[in-house]
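Residue strings, one per chain:
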Amino acid sequence: MNHFKLFFAPLLSSVLLISCNKDTFKDFNDSWSYKTSGTVTLQETRFVEATPEEKEQFEKDGLTFEPVTLTLAPEDGQLHFIDRGDGQVYLSFNPMLGHVTVVEASMDGLAFSIAENQEMMVRFGEGPVRLETATLILGGDGQVYDNAVVMNLSLSGKMDYKLKEMSVIGSKIKCVAFKNEK
């Protein structure tokens, strides 16, 4: 009887621990409603890519290249996690405005990281007026909670703004999703 306890007790407790582990994401068939908001800071590309000597010459010539901060247009939509196996997923952003974006991500338990060099169309402006639309490079990470997903997103790349080529020099973007009830 003691041999039975010595062998099966640790085995049984291991099975129970594995079956009760909530550190992996398994709700791939659920849909989530999301909302994205944030800002992107731009600066004229010829200044961003200039050498220190060129920047000094710009200053001597009286040229200024002040950064411009744009607000993302509020975006609501549906988010789907699509399991690709081996901890890889697709995140499908389906905004109400209709431009679907699918990006690759790697899951590590309940955390995930968006693969680099994923393009996403973004809209800038507030209210019904859309100032600009651009396709930029999306990055970021997120965490899945019981009924919520919180993502810290970043954008990079270049876009035209007011007839000038601008480079993204910073961004602060949050995306929060809540699980839809069945």
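Presented here is a report on the structure given in the accompanying data block. (Residues numbered from 1 in each chain as written. Predicted model: local features only at pLDDT ≥ 70, side-chain atom pairs only at ≥ 80, totals over all residues. Heavy atoms only, no water.)

1. Quick notes on the pattern of salt bridges
Put simply, the rule is: Criterion for a salt bridge: a side-chain nitrogen of Lys or Arg within 4 Å of a carboxyl oxygen of Asp or Glu. Each residue's exposure class comes from its accessible area (1.4 Å probe, protein chains only) as a fraction of the maximum for that residue type: buried when under 20%, exposed when over 50%, partly exposed otherwise. Put simply, DSSP H or I for four residues or longer makes a helix, DSSP E for two residues or longer makes a strand, and each gets a number counted from the N terminus.
Following the criterion strictly, the structure yields 6 salt bridges and no others. Here arginine 46 and glutamate 44 are joined by a salt bridge, their closest N and O atoms 2.9 Å apart. Using a relative accessible area of 45% as the deciding quantity, one classes arginine 46 as partly exposed. Its salt-bridge partner being glutamate 56, residue lysine 60 comes within 3.5 Å of it at the nearest N-O pair. With a gap of 4 residues between them, lysine 60 and glutamate 56 both fall in helix α3 (residues 52–60), about one helical turn apart. We classify glutamate 56 as partly exposed; its relative accessible area is 46%. The network of salt bridges with shared partners includes Glu44, Arg46 and Lys164.

2. Looking at the environment of valine 150
For the record, the criterion: We call two residues in contact when some of their heavy atoms are within 4.5 Å.
Among the secondary structure elements, valine 150 is positioned in strand β8 (residues 148–156). Along the backbone, valine 150 and cysteine 175 are 25 residues apart, and their C-alpha atoms lie at a distance of 6.0 Å. Discounting residues that sit within four places of it in the chain, valine 150 has contacts with Asp141, Gly142, Gln143, Tyr145 and Cys175.

3. What about the environment of lysine 172?
Residue placement: lysine 172 occurs in strand β10 (residues 164–179). The exposure class assigned to lysine 172 is exposed, which follows from its relative accessible area of 67%. Taking the C-alpha atoms as reference points, lysine 172 and threonine 71, separated by 101 residues in sequence, lie 9.7 Å from one another. Filtering out sequence-adjacent residues up to four positions away, lysine 172 remains in contact with Ser37, Gly38 and Thr39.

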